[in-house]
Amino acid sequence: MSAPSETRAVRTKGLVVGLSKAGRTKIRYPAELLRDDGVRLTVRAPWAAPGVRDFGFVRFEPGDVFTEHYWRDRWFAVKEVRTGDGGLKGWYCDITRPAVLANGVLAVEDLDLDLWVSADGSTVLRLDEDEFAGSGLAGRDPAAAGAAAAALDELERLARTEGLTGLLG
């Protein structure tokens, strides 16, 4: 991949986000590519799962809009979650391998760890650490497990200090 000479603002339909976990497709959904600067890709998509998903601390539901930021060189994705009328719910962060865009598919491998940051930044929750521990990744790929744990720590530190908006600007 050659280094980008400038930021490319891109507006195109037809991109598909393909999220996999443990080698299996978890979900695929269409998204609009808003930006690709060669390192970070930003897409926008409506809530793609059927029905409502209530986590207790936030509900994702039809009409919600996700602006999703993926990096080719970082082990996480940050998803800004808004209601259909634009109200900010917060940021859902997935710990992932670096994203790969090829043939119109943005491929992302979920590594179980997640972070939730409320809209006002007062609630920062580490999620699914038990799933991560039980995944066996540390035994199969210790380097990836270390990178995933470090990415979660980095996002939590950012969320608790300067907030995530600086990362996304």
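Our structure is the block above this text.
What counts, and at which threshold
Residues numbered from 1 in each chain as written. Predicted model: local features only at pLDDT ≥ 70, side-chain atom pairs only at ≥ 80, totals over all residues. Heavy atoms only, no water. Buried < 20%, exposed > 50% of the residue type's maximum accessible area, 1.4 Å probe, protein only. Helix = DSSP H or I, 4+ residues; strand = E, 2+ residues; numbered from the N terminus. Pairing = 2+ DSSP bridges. Contact = heavy atoms within 4.5 Å. Core = buried A, V, L, I, M, F, W, Y, C linked by side-chain atoms within 4.5 Å.

In terms of burial, strand β8 (residues 88-96) is largely enclosed, as eight of its nine residues are buried. By the bridge criterion, seven bridges tie strand β7 (residues 76-82) to β8 in an arrangement that is antiparallel. Residue Phe76 lies in a different strand from β8, and its bridge partner there is Ile95. Counted between consecutive antiparallel strands, the loop separating β7 from β8 contains five residues, among which Gly86 sits at a positive phi close to 100 degrees. Alignment of β8 against strand β10 (residues 105-118), held across six bridges, turns out to be antiparallel.

Okay, the environment of Val105 next. Mapped onto the elements, Val105 comes out in strand β10. Take Val105: its relative accessible area is 22%, and that puts it in the partly exposed class. In this structure, the C-alpha to C-alpha distance between Val105 and Ala31, residues 74 residues apart in sequence, is 9.8 Å. Those residues within four positions of Val105 in sequence are excluded, and the remaining contacts are Leu15, Val16, Gly18, Arg28 and Val100.

Core analysis: the largest hydrophobic core is formed by 24 residues, its most contacted members being Phe76, Val78, Ile95, Leu115, Leu155, Leu164 and Leu167. For this core, the element with the highest residue contribution is helix α3 (residues 142-160), accounting for eight residues. The contact partners of Leu164, leaving out residues within four places of it in the chain, are Val78, Trp91, Cys93, Val117, Leu155, Leu158 and Ala159. With 14 residues, the next largest nonpolar core counts Val17, Leu19, Leu33 and Tyr70 among its residues.

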